[in-house]
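Below are the chains, spelled out letter by letter.
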Amino acid sequence: MHRMETIIPCVLMRGGTSRGPFFLSDWLPADPAERDRLLLQAMGSPHALQVDGLGGGNSLTSKVAIVSRSTRPDCDIDYLFAQVSVDRASVDTRPNCGNMLSGAAPFAIDEGLIAAADGETAVRVHNVNTGAVIEAVVQTPGGRLTYEGEARIDGVPGVAAPVRLNFLDAWGAVTGRLFPSGQRQEIVDGVAVTLIDAAMPMVLLRAADFGLRGDESPAELDAAPALLARLERIRREAGARMGLGDVSNSVIPKPVLLAPGGDPAILSVRSRYFTPHACHRAHAATGAVGVAAAFLMPGTVAHDCGGPAPRAGYRGVRIEHPSGGMDIDVNLDAASGEVRAAGLVRTARKIMKGLLYVPGRYGAARQEQDARHRLAARQPVAA
């Protein structure tokens with residue numbers, strides 16, 4: 001019997017400390033339900049090792065980016081992020097991912113959606129998941145994209161070209177308010193929490209309230225079932241209070257355990273970020289932006305971990321995570337003391353481009369000949 005399969009172009013990229021396939025939106029089925037079924041097949045989910053697909057058996061390597069020309073006149077591209085569950089048949093498009101976001105602008109230039117300027121190219125990205133706008137600045141010497149450079153980020157070996165991400169309006173993008181419950185600090189399940197929607201909806205908690213130092217390794221935290229169960233109870237209640245409804249099948253909000261930073265000479269806070277059912281081996285970029293913002297805002301759980309007196313303008317905050325650190329620049333408004341913008345540097349790398357073979361037929365799928373033609377027509381332009 002002839003096996004039916006779908007053949008589509010695919011670009012595998014590392015974005016920050018994450019990795020996954022990037023697609024142009026017209027490479028995929030237009031129907032969201034059909035698209036998600038294809039993505040589960042493509043990643044090899046649900047399966048602990050994702051052995052029959054592109055996934056790496058970890059939430060950080062089971063991510064998908066879908067890019068197109070923007071539907072908004074003030075933006076260049078639309079970026080839709082999809083978190084594909086490793087062990088469940090679930091595709092969550094509610095959160096953003098700042099690490100994968102760092103690959104969106106280079107991918108768009110590579111695929112001919114945007115013309116590169118000489119030196120640097122600033123790309124305005126509309127995050128479809130949240131509605132937020134992020135400016136991504138990529139390196140394009142001589143009008144040609146390059147992935148090569150001297151920027152180094154903790155959690156990734158080697159060096160690469162910097163990708164500057166400036167979060168312009170990510171405050172309350174998902175829930176409508178920076179502090180969705182109207183409070184900077186409240187009690188959930190007997191512990192103080194800050195419910196914040198700053199680049200990513202999160203539940204911020206003090207590590208000390210759980211008898212932790214805050215510098216535990218991800219393996220130690222993942223091996224504590226009672227801790228994980230309690231964090232999940234808190235997360236679900238927080239989701240309801242944030243107006244997100246039943247979040248038992250969603251990856252947002254994210255629980256984050258915080259402690260004072262280890263270097264008193266700089267503004268720093270120690271963070272253990274959950275994805276949400278396991279501790280991140282480094283840190284989500286969007287999560288780092290939110291933690292840094294909360295650290296500078298009095299009244300939050302994060303500020304309790306050594307945050308400074310409020311001051312308007314840009315301030316640098318170092319987020320200490322299991323693989324090292326991440327430096328965030330936060331701009332506070334002089335009048336309100338709330339966040340105006342925040343930025344950080346990530347790196348990205350194109351790993352491969354080719355044809356993806358997915359079992360089954362999908363309504364918007366290309367025939368193999370058409371897929372090969374499309375692949376040949378989109379030659380890389382990176383230096």
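Residues numbered from 1 in each chain as written. Predicted model: local features only at pLDDT ≥ 70, side-chain atom pairs only at ≥ 80, totals over all residues. Heavy atoms only, no water.

For this particular structure, what's the right way to read the nonpolar core?
For soluble globular proteins, the rule of thumb is that nonpolar side chains tend to be buried together. Leu39, Phe167 and Ile328 are the most contacted members of the largest nonpolar core, which totals 87 residues. Broken down by element, the residue count for this core peaks at eight residues, all from helix α6 (residues 285-295). Domain assignment of the residues forming this core places at least three in each of domain 1 (5-171 + 348-373) and domain 2 (186-335). Here phenylalanine 167 is in contact with Asn96, Leu101, Val133, Ile134, Ala199, Thr286, Val289, Ala341, Ala342 and Leu344, once residues within four sequence places are set aside. Among the nonpolar cores identified, the runner-up in size contains 20 residues, and Leu227, Leu231, Leu244 and Cys279 belong to it. (Core = buried A, V, L, I, M, F, W, Y, C linked by side-chain atoms within 4.5 Å. Buried < 20%, exposed > 50% of the residue type's maximum accessible area, 1.4 Å probe, protein only. Helix = DSSP H or I, 4+ residues; strand = E, 2+ residues; numbered from the N terminus. Domains from an automatic or database assignment. Contact = heavy atoms within 4.5 Å.)

What am I meant to see in the domain arrangement of the protein chain here?
For the protein chain, the assigned domains are domain 1 (5-171 + 348-373) and domain 2 (186-335). The C-alpha-based centres of domain 1 and domain 2 are spaced at 26 Å. Counting residues at the interface gives 19 residues for domain 1, matched by 25 residues for domain 2. Together domain 1 and domain 2 conceal approximately 1,700 Å² of surface at their shared face, both sides included; 55% is due to carbon and sulfur atoms. For the interface between domain 1 and domain 2, the tally reads two salt bridges. The partner of arginine 318 in a salt bridge is aspartate 154, and the shortest N-O contact between them spans 3.4 Å. One can count nine residue pairs in polar contact (both at pLDDT 80 or more) joining domain 1 with domain 2. Of all the secondary-structure elements, those providing two or more residues to the side of domain 1 that touches domain 2 are α2 (98-101) and β8 (162-167). A per-class count over the side of domain 1 that touches domain 2 returns six nonpolar, eight polar and five charged. (Buried area = accessible area lost by both parts, 1.4 Å probe. Salt bridge = Lys/Arg side-chain N within 4 Å of Asp/Glu carboxyl O. Polar contact = N/O pair within 3.5 Å; in protein donor to acceptor, adjacent residues only side chain to side chain. Nonpolar A, V, L, I, M, F, W, Y, C, P; charged D, E, K, R; others polar.)

Any chance you could explain unusual backbone geometry here in plain terms?
Peptide bonds are trans in most cases, and residues, glycine excluded, mostly fall at negative phi. Here serine 45 and proline 46 are connected by a cis peptide whose omega angle stands at 0°. Topologically, proline 46 is positioned in the loop between α1 (32-43) and β3 (63-69). Geometrically, the link from isoleucine 252 to proline 253 is a cis peptide bond, its omega value of 0° lying close to zero. If you trace the backbone, proline 253 turns up in the loop between α5 (225-241) and β12 (254-260). Despite not being glycine, glutamine 50 shows a phi value in the positive range, around 50°. Looking at where glutamine 50 falls in the secondary structure, it is placed in the loop between α1 and β3. Look at glutamine 50 and you get buried, because its relative accessible area is 1%. Backbone geometry places alanine 199, a non-glycine residue, at a positive phi of 75°.

What's the story with the state of the cysteines in this structure? I'm lost.
Note: disulfide means a covalent bond formed between the sulfur atoms of two cysteine side chains. Under the criterion given, the structure shown has zero disulfides. The thiol of cysteine 279 is unpaired, and the distance to the nearest cysteine sulfur, on cysteine 305, comes to 15 Å. (Disulfide = S-S within 2.5 Å.)

Honestly, the pattern of salt bridges in this entry has me stumped. Any pointers?
Opposite charge on two side chains permits pairing when their charged atoms draw close. Taken as a whole and assessed by the stated rule, the structure comprises 20 salt bridges. Where aspartate 304 meets arginine 206, a salt bridge forms, and the shortest distance between an N and an O atom there is 2.7 Å. Here arginine 206 lies in strand β11 (residues 201-206) and aspartate 304 lies in the loop between α6 and β14 (313-321), a separation of 98 residues in the sequence. Looking at aspartate 304, the relative accessible area reads 41%, which means it is partly exposed. What makes arginine 206 partly exposed here is its relative accessible area of 21%. A salt bridge links aspartate 215 to arginine 213; the nearest nitrogen and oxygen atoms lie 2.6 Å apart. Its relative accessible area of 34% is what places aspartate 215 among the partly exposed residues. Connected through shared salt-bridge partners, Asp154, Arg318 and Asp327 make up one network.

Just to check I follow, could you spell out the packing of aromatic side chains for this structure?
Centre distance and the angle of the planes are the two values used to describe a pair of aromatic rings. Applying the stated criterion to the full structure yields two aromatic pairs. Ring centres 5.6 Å apart and planes at 50° place the aromatic pair phenylalanine 22 and phenylalanine 107 in the tilted group. Placement of phenylalanine 22 in strand β2 (residues 18-24) and of phenylalanine 107 in helix α3 (residues 104-110) is noted, with a sequence separation of 85 residues between them. Phenylalanine 107 matches phenylalanine 22 in its accessibility class, with the two residues each being buried. Summarising the aromatic geometry, the rings of tryptophan 27 and phenylalanine 107 are spaced 6.2 Å apart at their centres and angled 90° between planes, so their arrangement reads as edge-to-face. Here tryptophan 27, found in the loop between β2 and α1, pairs with phenylalanine 107, found in helix α3; they are 80 residues apart in sequence, far enough to count as distant. (Phe/Tyr/Trp six-rings, centres within 6.5 Å; stacked < 30°, edge-to-face > 60°.)

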